[in-house]
Amino acid sequence: MTAMRRALLIACLALAASRAAALPEEIRPRGTLRLAVNATYAPMEYRDPETNTLKGLDIDLAAEMAKRLGVGIAWSEVPFAELILSLQSGRSDFVISGISDRASRRDKADFIDYLTTGAQFFVLAGSPAQVPADLCGKRIGTTRSTSFPAQIEEWSAKTCATAGRPPAIVAPGENSIDVRNQLKQGRIDAAVQGSETLPYAQGLEAGRYRVVGAPFTNGYQGIMVRKEDAALRETLTATLRAMIADGTYGTILARYGLSANAVPEPLLNASDQ
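Small disclaimer: the values here were computed from a predicted structure and weren't measured. (Residues numbered from 1 in each chain as written. Predicted model: local features only at pLDDT ≥ 70, side-chain atom pairs only at ≥ 80, totals over all residues. Heavy atoms only, no water.)

## What to know about the overall build of the protein
Note the following rule: Helix and strand labels come from DSSP, where a helix needs a run of H or I of at least four residues and a strand needs a run of E of at least two; each type is numbered from the N terminus. Radius of gyration here uses only the C-alpha atoms, and the compact-globule reference equals 2.2 Å multiplied by the residue count raised to the power 0.38. For each residue, the accessible area found with a 1.4 Å probe, counting protein chains only, is set against the maximum for its type, and the residue is called buried under 20%, exposed over 50%, and partly exposed in between. Only heavy atoms matter for contacts: two residues are in contact if any of them lie within 4.5 Å across the pair. Working definition of accessibility: Shrake-Rupley area with a 1.4 Å probe, residue cover restricted to the visible protein chains.
Regarding its fold elements, the protein presents eight helices and 13 strands. Computed over the C-alpha atoms, the radius of gyration of the protein is 20 Å, within 12% of the 19 Å expected from 2.2 N^0.38 for a compact globule of 273 residues. Taking the principal axes of the C-alpha coordinates as reference, the protein spans close to 75 × 40 × 30 Å. The 273 residues of the protein split such that 48% are buried. Taking contacts inside the protein between residues at least 6 apart in sequence as the whole, the part at least 24 apart equals 75%. Accessible area of the protein: about 12,600 Å², with a carbon and sulfur share of 55%.

The structure is reproduced here in structure tokens:
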């Protein structure tokens, strides 16, 4: 090994050590981030059908952050409804798993917002629905443990009830895969997912689905951190800010066709939902 390469290696190790030192005391000695994920929400997080490995935008973002902090990641898969519980109970150090920043979720946690999102209707390609109002009185499926059921009801009250049309009927499912299966089986008339996931679903099953209208909400997905973990929140925010500045963040978003959903900088609790 040349003197130059040796000096470079020493510098890299020193940098990794300094970044790891920025992590809270309970994480640093462990050398591993404990993260829970619900791997049913492609392209944010899913199991690669060929390798059965975790894949997705959130997986790549977390891996890059951990690399820069000089630690590894121990992933655990849980239902979406248990993501917040895993954070509150301390089983997860933070949550990055397609979770929307909602005011109702901020009583015990902060959100580092890193991606724009919005709830959007979609139907099978042969559906007669052409505009969102055509879905009044129809059965609309969505994942039960997300914010989407309440958002559909709010949309229905504003769009359907005020026009004298019958309300939309929310049909909860276990996850986005379950909801799409119900749509294909004809058990529901339409479905709702985050707008960032629909291009992937359409690409996966070409010609099967059609979006109806623009997203009917506007918000952010965020990294969820316990309020008492302010030091961790600041460390993650600084790491994400550096990834945005050097282009790594943009490269990861482009990998999944989500460049249009980028934020110019990390935002704290920025959603007005």
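## Considering the sheet that holds strand β9 (residues 169-173)
Applied cut-off: In this scheme, strands are said to pair when DSSP sees at least two bridges between them. Axis lines are fitted through C-alpha atoms, for helices just across the contact stretch, and the angle between N-to-C directions can take any value from 0 to 180 degrees.
Strand order in the open sheet formed by five strands is β9-β8-β10-β7-β11, with mixed pairing between adjacent strands. The strands lining the two open edges of the sheet, one partner per strand, are β9 and β11 (209-212). Shown here is a sheet whose adjacent strand axes are inclined to one another by a mean of 35°, direction ignored. On top of the sheet, helix α4 (residues 148-159) reaches β7 (119-124), β8 (139-143), β9 and β10 (190-194); it is set at about 150° to β8, its chief contact.

## Digging into α4
The condition is simple: A helix is expected to reach a length of 1.5 Å times the quantity of its residues less one. Relevant arc is that of directions from the helix axis to the C-beta atoms, nothing else.
When the terminal C-alpha atoms of α4 are compared, their 16 Å separation across 12 residues agrees well with the 16 Å that a helix rising 1.5 Å per residue should span. Taken as a whole, α4 has its buried residues at Phe-148, Pro-149, Gln-151, Ile-152, Trp-155 and Ser-156. Down the axis of α4, the sector holding all buried residues measures 165°, keeping them to one side. Buried-residue contacts for α4 involve β2 (40-41), β7, β8, β9 and β10.

## Some points on the side chain of Arg-105
Defined as follows: When charges are counted, Lys and Arg contribute as positive and Asp and Glu as negative, whereas His and the chain ends are disregarded. Salt bridges are identified by distance alone: a Lys or Arg side-chain nitrogen within 4 Å of an Asp or Glu carboxyl oxygen. Polar contacts here mean pairs of N or O atoms no more than 3.5 Å apart (in protein, one a potential hydrogen donor and the other a potential acceptor; neighbouring residues in sequence count only if both atoms are side-chain atoms).
As for its placement among the helices and strands, Arg-105 is situated in the loop between α3 (83-88) and β6 (109-117). One buried charged residue, Arg-105, forms no salt bridge at all, with the nearest opposite charge on Asp-101 at 7.7 Å. In this structure the side chain of Arg-105 is engaged in a polar contact, spanning 2.8 Å, whose partner is the backbone oxygen of Ser-100. Look past the residues within four positions of Arg-105 in its chain and what remains in contact with it is Phe-80, Ile-84, Ile-99, Ser-100, Phe-111, Ser-145, Thr-146, Ser-147 and Met-224.

## Re the packing of aromatic side chains
Which entries qualify depends on this criterion: The aromatic pairing rule takes the rings of Phe, Tyr and Trp, using the six-membered ring of Trp, and pairs them if the centres are within 6.5 Å, calling planes under 30 degrees apart stacked, those over 60 edge-to-face and the rest tilted.
Scanning the entire structure with this criterion turns up five aromatic pairs. Ring geometry for Tyr-46 versus Tyr-200: centroids 5.3 Å apart, planes at 45°, classification tilted. Of the two residues, Tyr-46 sits in strand β3 (residues 45-47) while Tyr-200 sits in helix α6 (residues 198-204), which places them 154 residues apart along the sequence. Tyr-46 sits in the buried class, given a relative accessible area of 9%.

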